[in-house]
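Each chain, letter by letter, is given below.
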Amino acid sequence: MKTPIRKRRGPKPKPANDNSNLRERLHAARLGLAETSIGAIGWGAGMALSAQASLWLSYGAITSHYWSVTAMFFAGAALAWPFSLAAHRFLAYGRRRQASFAAAFLCLTIFSIAITAVLFAIIYRNFYAQWHGDPFTKLWLVQLAFTSASALYQFAVIGLRMYLPVGAGLLLVAAFLLSRPHGLQKPLKTPAAG
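Scope of this entry: the structure provided in the associated data block. (Residues numbered from 1 in each chain as written. Predicted model: local features only at pLDDT ≥ 70, side-chain atom pairs only at ≥ 80, totals over all residues. Heavy atoms only, no water.)

Considerations on the nonpolar core
Of all hydrophobic cores here, the largest spans 24 residues; its most connected members are W43, F73, W81 and L108. Take this core: its biggest share by element is 8 residues, from helix α3 (residues 66–92). The residues touching W43, leaving out its near neighbours within four places in the chain, are A77, W81, L108, S112, L170, L171 and A174. (Core = buried A, V, L, I, M, F, W, Y, C linked by side-chain atoms within 4.5 Å. Buried < 20%, exposed > 50% of the residue type's maximum accessible area, 1.4 Å probe, protein only. Helix = DSSP H or I, 4+ residues; strand = E, 2+ residues; numbered from the N terminus. Contact = heavy atoms within 4.5 Å.)

Here you go:
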């Protein structure tokens, strides 16, 4: 008994290595000054608010570093915004809203945490630099590597809690807003005028 072969409807699938829309994706990832500035300030303020709320809930804001922690989270998120937005637009170009939401969620999470952790590592390393060896020696390189690794570990253990509970809610809202359809959708193909 022969099974009937069903014909595929719609366009032919593209091979996995087809990069024909790379130029379009790069064009969609371009950022404007206004959206970058306003978004960076808004996202930075949101993460600063998240850090403050966490400090209030965890310690009753009884810490001598209240404002410096707030400033660090603001700066980390504000610096992460342009990278997150560009990466989101590149990844979500021509995708459905669910995929766009996932890309926005992932990009905002990764870039915000990574850049804030790097800022923390720089501040941490600058504090301990007074006890380090002479610059650019083997001892100094070892101390730099281990101090930076210690800072990243401490941020992972202590700093990630600063994003909860407020930061997680703001992340969902921001990802939802970024996943809305906007003017950077895939252009419609129009027949060429002869």
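Points about the pattern of salt bridges
Counted under the stated rule, the structure contains 1 salt bridge. E35 serves as the salt-bridge partner of R89, at 2.6 Å between the closest nitrogen and oxygen. With R89 in helix α3 and E35 in helix α2 (residues 33–59), this residue pair connects regions lying 54 residues apart in the sequence. Classification of R89 by relative accessible area gives buried; the value is 11%. (Salt bridge = Lys/Arg side-chain N within 4 Å of Asp/Glu carboxyl O.)

Quick word on the packing of aromatic side chains
The description of two aromatic rings rests on the distance between their centres and on the angle between their planes. For the structure on display, the rule yields 13 aromatic pairs. Considering the side-chain rings of F73 and Y163, the 5.2 Å spacing of their centres and the 65° angle between planes classify their relative orientation as edge-to-face. Of this pair, F73 sits in helix α3 while Y163 sits in the loop between α5 (138–158) and α6 (166–178), and the two are 90 residues apart along the sequence. Across the pair, exposure class does not vary: F73 and Y163 are buried alike. Members of the aromatic cluster, joined through ring pairs, are F73, F120, Y124, F127, Y128, W131, F155 and Y163. The lysine or arginine in question, R25, covers the ring of F90, its NZ or CZ lying 5.6 Å from the ring centre. (Phe/Tyr/Trp six-rings, centres within 6.5 Å; stacked < 30°, edge-to-face > 60°. Lys NZ or Arg CZ within 6 Å of the ring centre and 35° of its normal.)

A short note on α2
In this model, α2 (27 residues) spans 38 Å end to end at C-alpha, consistent with the 39 Å of a helix rising 1.5 Å per residue. Just beyond α2, the residue with positive phi is G60, at close to 65°. (Expected span 1.5 Å × (residues − 1).)

Some words on unusual backbone geometry
Backbone torsion omega between L164 and P165 reads -5°, so that peptide bond is classified as cis. Checked against the element boundaries, P165 lands in the loop between α5 and α6. Phi angles above zero are rare outside glycine, and F136 is one such case at about 65°. For F136, the location among the structural elements is in the loop between α4 (97–128) and α5. In this structure F136 comes out as exposed when scored by relative accessible area, which is 70%.

Focus: the packing of α2 against α6
Orientation of α2 relative to α6, taken along the N-to-C sense of each, is 155°, at an axis distance of 8 Å. Accordingly, the angle class assigned to the pair α2 and α6 is roughly antiparallel. Across the interface between the two elements, W43, G46, M47, L49, S50 and A53 from α2 touch V166, G167, L170, L171 and A174 from α6. Taken together, the residues of the contact of α2 with α6 sort by class into 8 nonpolar, 3 polar and no charged. (Axes fitted to C-alpha atoms, helices over the stretch in contact; angles between N-to-C directions. Parallel < 35°, antiparallel > 145°, perpendicular 65-115°, else oblique. Nonpolar A, V, L, I, M, F, W, Y, C, P; charged D, E, K, R; others polar.)

Honestly, that's just the spatial picture; any functional story needs more than this.
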